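Read off the chains here:
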Amino acid sequence: MAADLGELLVPFMPTVRVPRTGDRVFKSECAFSFDSPESEGGLYVCMNTFLGFGREHVERHYRKTGQSVYMHLKRHVKEKATGAAAGAIPRRRNGKVFLDLELNRDFNGEDYEYEDEAKLVIFPDHFEIPLPNIEELPALVTIACDAVLNAPSAYKKQELESWEEEIQVSKHARNLRQLDNGIRIPPRGWKCQKCEMRENLWLNLTDGAVLCGKWFFDGSGGNGHALERYKETKYPLAVKMDTITPDGADVYSFEEEEAVLDPHISDHLSHFGIDMLQMQIKTENGHHTDNNSRPRVSEWEVIQESGMKLKAVFGSGYTGIKNLGNSCYLGTVIQVLFSIPDFQRMYVGNLQRIFDYSPLDPSLDFATQMAKLGHGLLSGQHSKPPMKSELIEQHQQKGISPRMLKALVSRGNPEFSSSRQQDAQEFLLHVINLVERNSSGTENPSDVFRFLVEERVQCCQTRRVRYSQRVDYCIQLPAPSEAATNREELLAYETKRRDAEENMRAPPEPVRARIPFTACLQAFTEPDNVPDFWSSALQAKSAGVKTSRFASFPEYLILQIKKFTFGVDWVPKKLDLAIDVPDFLDLSRLRAAGLQASEEELPDLLPPIVLAEDTRDNSMGSIDSPEIDESAVMQLAEMGFPLEACRKAVYYTGNMGPEMAFNWIIAHMEEPDFAEPLTLPSVMDPGPSTSDSPMGATPLGNSPPEESIAILTSMGFPRAHSIQALKATNYNLERALDWIFTHPEEEESDALSDMADTEPNDNAFSNANSHSDSTLSPDRDASGPRVKDGPGRYELFAFISHMGASTMSGRYVCHIKKEGRWVIYNDHKVCLSERPPKDLGYIYFYHRLSSS
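Counting starts from 1 at the beginning of each chain's written sequence and moves along it residue by residue. With pLDDT at 70 or above as the cut-off, local features in this predicted model cover only qualifying residues; side-chain atom pairs require 80 or more to be listed or tallied, and sums for whole chains, interfaces and linings still use all residues. Calculated side-chain values reflect all of the structure's heavy atoms, with hydrogen atoms and water omitted.

## A closer look at the environment of E256
Then step 1. To qualify as a helix, a DSSP run of H or I must reach at least 4 residues; to qualify as a strand, a run of E must reach at least 2; elements of each kind are numbered from the N terminus. Counting through the fold element by element, E256 comes out in the loop between β10 (251-253) and β11 (258-261).
Then step 2. Type-normalised accessible area, obtained with a 1.4 Å probe on protein chains alone, sets the label of each residue: buried when under 20%, exposed when over 50%, and partly exposed for intermediate values. You can call E256 partly exposed: its relative accessible area is 23%.
Then step 3. Between the alpha carbons of E256 and H172 there is a distance of 9.5 Å; along the sequence they are 84 residues apart.
Then step 4. With near-sequence residues (within four places) excluded, E256 lies in contact with S170, K171 and H172.
Then step 5. Here a polar contact is recorded for every N or O atom pair within 3.5 Å, except that within protein the pair must consist of a potential hydrogen donor and a potential acceptor, and residues adjacent in sequence are included only if both atoms are side-chain atoms. Of note is the side chain of E256, whose polar atom sits 3.4 Å from the backbone nitrogen of K171. Here, residues are in contact when the closest pair of their heavy atoms is within 4.5 Å.

Dropping the structure here:
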């Protein structure tokens, strides 16, 4: 028999591998489904790739790869025989086989026992070899089988070796030098000091500079100014701004080129006015709560509909998602997305095609994992009612685990790859970004969320205007507390609270502000002041105001209520408020109208060259010392740039601050006369100018900034395509990246590409200004983003609610309207909602009503 087995395995020996350090062994879940060793058909683990497959999918892997040898794992769950000792732990007859697999919590350990079975299966004939079979198998096969059986499953290994566990203390942390430069970081309004990006910002712990990070493959990132700062100054440590919590922050060491721990992070942050120690967080049942704030018992009870006898529902579309430990932000977002037909069609409707064309490692393919999760939610296979009808009230479905998708979408993102709670709205936009990038050339379900915002900026002094458009996916509505209908009650509560504080008494019962939805909408539409507005009509800084309107209406509208803020002490807090969000919403009056006949546009001019007062009166034509902001010059010089180059940068950007001057330096630092002294033209030789431009101002033209083009081309994108993307997004680098991913370069003539590079082009979104209810499609404006425009009338169909004091703590649940009734999704529990708390939601989802 031994000889027979040896001969049988000889042709396949080259394909059998022993797992090496770093190999992931998927022996707890199928890559295409939620089959496991406890499923009826068990799980097949490829002995070459160590990927796991259920019975329905193992043949596909064999046909695609030719791999023939699989280990079949099966766990048998049996009820204990009558008379078994009460309280005995589950008996495991072959404990070595699934040593690391947890017992299924859906089976009571006192009533069930487990028997594990393993065997080798050789395809295509399904020849089976029971294990262990040490004496009869070749040595290599025996070693490989033993290694697979004893290896931790892929996600248990990932948890043990997560990025958090691997992080080491930085060698710079203990004696970090911090400059006494008086910098204090505000609790909000951060932006990169060099490019004004507001995402992926890093605070240098030596000098307090706030700069953007580098661009990552997942679409996040910036322009790399934090790294440039290190190269200039050698200041080694930086902390990611939006990760600062009471229990730590994400710190990166540029010199060590890795994420590090900083045991003194609290002291280092307090140097710049950030007090993180005032926030004390504890963990209860895996969820974070805030020690300093009064427990929000009523909020938790109302949102979860506690105390009500909720009826569990089962079947297609009523499958719960298991909480992996503070992963409810992911579960709620995914539940809402897969209640939208476009996502269902894209991932579940195309399931077989996606699976058939998946890469060799489907665990790393976004479309495959979305299809897997979508099918798990919609098939009803994992949401079956109990066999005995009398137990239906006590029965709870198991739900499905999003572990494989979570591991994939969080790759390269330290926030979502951690086990901490995250902001559901940020994760929603992250997933939309991934959908965009992975839908290139195919149907893109996130098109239903995309819309255009028209921004109108007006110079208050000249009354002239400038219109621009940008792409967005979510409307953030402010919650003006001054508009609360119970304002007197709130004032009385505040008086009682202060009195209790002063007299060391227990605080009064909190009062929740009740704000009309109309007040939130009004606050959103009101003009905002534009800081540091430069008027091209006045050729000077002036007061400016900005208003936003819908240039198009999306098919599905996402509204986020801005419930979270920071106190002056950097303690994040959640505003305790209720908003009477309507079931039906008509935003038609917010449709953008574009440039009106009575309005005059601001000229497209760059900031003028600032000349000294006496220049025009100088009869000899020479220019005496120009007016230059020396403080800005010194700030640039401290970065290591030549002094004369800094003077020229400040001069040629019109004394508009170090940020604009820095951009000028980056654009001109390769020029041969970069560090030469500033020489000004005489009045008789004013140099190139345009007759229509006062004081030497130059037209903005239609050419994007060369540094933005360089960043995109450095990523491998063609120059013409990069210019087209920048023009289509008003020169916004981040949105240009999104545009490139959603608009792959088409096989057009070279003449068209050259034209995009050299000829003027009208605003890419200009068509949106002249239509009303028509659909703006790629055919109407090939250079603009795809939007599904239509009427601005909507109906509420879902909302996500948050419980707790901060987005980084607490818990999320969602309510979705299905088949005319509201359903609450609370992790793996899915029930009919008795009283949906629509006034306490955080993110609201509306679908467009038909025009009929």
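## Overview of the sheet that holds β10
Hydrogen bonds between backbone groups are what pair the strands of a sheet, and the pairing can be parallel or antiparallel.
Then step 1. Any two strands with at least two DSSP bridges between them are considered paired. Across the sheet, which stays open at both edges, the 6 strands sit in the order β6-β11-β10-β9-β7-β8 with mixed pairing between neighbours. The open sheet has two edge strands with one neighbour each: β6 (168-169) and β8 (210-212).
Then step 2. Pairing between strand β7 (residues 201-204) and strand β9 (residues 237-240): 3 bridges, direction antiparallel. By the bridge assignment, N204 is partnered in β9 with A238.
Then step 3. Axis lines are fitted through C-alpha atoms, for helices just across the contact stretch, and the angle between N-to-C directions can take any value from 0 to 180 degrees. Across the face of the sheet, helix α6 (residues 225-233) comes into contact with β7 and β8 while running at roughly 120 degrees to β8.

## A few points about the packing of aromatic side chains
Then step 1. Here a pair means two rings of Phe, Tyr or Trp (six-membered ring of Trp) with centres within 6.5 Å. Their orientation is stacked below 30 degrees between planes, edge-to-face above 60, and tilted elsewhere. This model, assessed by the stated rule, comprises 23 aromatic pairs.
Then step 2. When the ring of F343 is compared with that of Y347, the centres are 6.4 Å apart and the planes differ by 35 degrees; the resulting orientation is tilted. Taken together, the residues span about one helical turn, with F343 and Y347 both in helix α10 (residues 341-349) at a distance of 4 residues. For the pair shown, F343 and Y347 are each scored as buried.
Then step 3. The structure contains a cluster of three or more aromatic residues connected by ring pairs, namely F338, F343, Y347, F366 and F449.
Then step 4. When the ring centre of F32 is taken as origin, the NZ or CZ atom of R60, which lies over that ring, is 5.2 Å away.
Then step 5. Criterion for a charge above a ring: Arg CZ or Lys NZ at most 6 Å from the ring centre, at most 35 degrees from the ring normal. Over the aromatic face of Y318 sits the side chain of K818, whose NZ or CZ is 5.6 Å from the ring centroid.

## A closer look at the pattern of salt bridges
Then step 1. What counts as a salt bridge is simple: a side-chain nitrogen of Lys or Arg found within 4 Å of a carboxyl oxygen of Asp or Glu. Going through the model one piece at a time under the given rule, you end up with 33 salt bridges.
Then step 2. One salt bridge connects K546 with E455, and the closest N-O pair in it is separated by 3.9 Å. Residue K546 is found in strand β21 (residues 544-550), and its partner E455 is found in strand β14 (residues 451-459); the two are separated by 91 residues along the sequence.
Then step 3. Taking the relative accessible area as the measure of exposure, E455 reaches 15% and is therefore buried.

## Looking at the environment of D342
Then step 1. Counting through the fold element by element, D342 comes out in helix α10.
Then step 2. It is 7.8 Å that separates the C-alpha atoms of D342 and V448, two residues lying 106 residues apart in sequence.
Then step 3. If near-sequence neighbours (up to four positions away) are discounted, D342 is found in contact with E443, P445, V448, E555, Y556 and K788.

## What about helix α12 (residues 366-378)?
Then step 1. Given the number of residues in a helix, its expected span is that number minus one, multiplied by 1.5 Å. Across its 13 residues, α12 extends 18 Å between first and last C-alpha, which sits within 8% of the 18 Å expected from 1.5 Å per residue.
Then step 2. Of the residues making up α12, those classed as buried are F366, A367, T368, Q369, M370, A371, K372, L373, G374, G376, L377 and L378.
Then step 3. Lining the buried residues of α12 we find α9 (328-337), α10, α11 (351-356), α13 (403-409) and α14 (424-437).
Then step 4. A positive phi of about 80 degrees marks G380, the residue just after α12.

## A few points about unusual backbone geometry
Then step 1. Residues F123 and P124 are joined by a peptide bond in cis, for which omega reads 10 degrees.
Then step 2. With respect to the helices and strands, P124 occurs in the loop between β4 (112-122) and β5 (127-130).
Then step 3. Cis peptide bonds are those with omega within 30 degrees of zero, and the linkage from L131 to P132 qualifies with -5 degrees.
Then step 4. By the element assignment, P132 lies in the loop between β5 and α3 (139-150).
Then step 5. Backbone geometry places E305, a non-glycine residue, at a positive phi of 55 degrees.
Then step 6. Structurally, E305 is set in the loop between α8 (297-304) and α9.
Then step 7. Although it is not a glycine, N326 adopts a positive phi angle of roughly 60 degrees.
Then step 8. Assignment of secondary structure puts N326 in the loop between α8 and α9.
Then step 9. Since its relative accessible area comes to 5%, N326 is described here as buried.

## Here we look at α9
Then step 1. The buried fraction of α9 amounts to 10 of the 10 residues, a majority that puts the element mostly inside the structure.
Then step 2. If you check which residues of α9 are buried, you get C328, Y329, L330, G331, T332, V333, I334, Q335, V336 and L337.

## Here's the deal with the pairing of strand β1 (residues 43-46)
Then step 1. Neither face of β1 is open: one carries L43 and V45, the other Y44 and C46, and all of them are buried.
Then step 2. Sheet topology note: the β1/strand β2 (residues 52-53) ladder contains 2 bridges and is antiparallel. Of the residues in β2, the one forming a bridge with Y44 is F53.
Then step 3. The antiparallel pairing of β1 with β2 creates a hairpin that spans 5 residues between the two strands, and F50 there sits at a positive phi of about 65 degrees.

## Comments concerning the sheet that holds strand β18 (residues 528-529)
Then step 1. In space, the 4 strands of this open sheet follow the order β15-β14-β21-β18, with antiparallel pairing throughout. The open sheet terminates on both sides in strands that have one partner only, identified here as β15 (465-472) and β18.

## Notes on the environment of I354
Then step 1. Here I354 is to be found in helix α11.
Then step 2. A C-alpha to C-alpha distance of 7.5 Å links I354 and A371, two positions 17 residues apart in sequence.
Then step 3. Apart from the residues lying within four places of it in its own chain, the contact partners of I354 are M346, Y347, A367, T368 and A371.

## Here we look at the side chain of E29
Then step 1. Its place among the elements puts E29 in the loop between α1 (2-9) and β1.
Then step 2. E29 sits in the buried class, given a relative accessible area of 11%.
Then step 3. Of note is the side chain of E29, whose polar atom sits 2.6 Å from the side chain of K372.
Then step 4. Look past the residues within four positions of E29 in its chain and what remains in contact with it is F34, D35, L43, G52, K372, S401 and M404.

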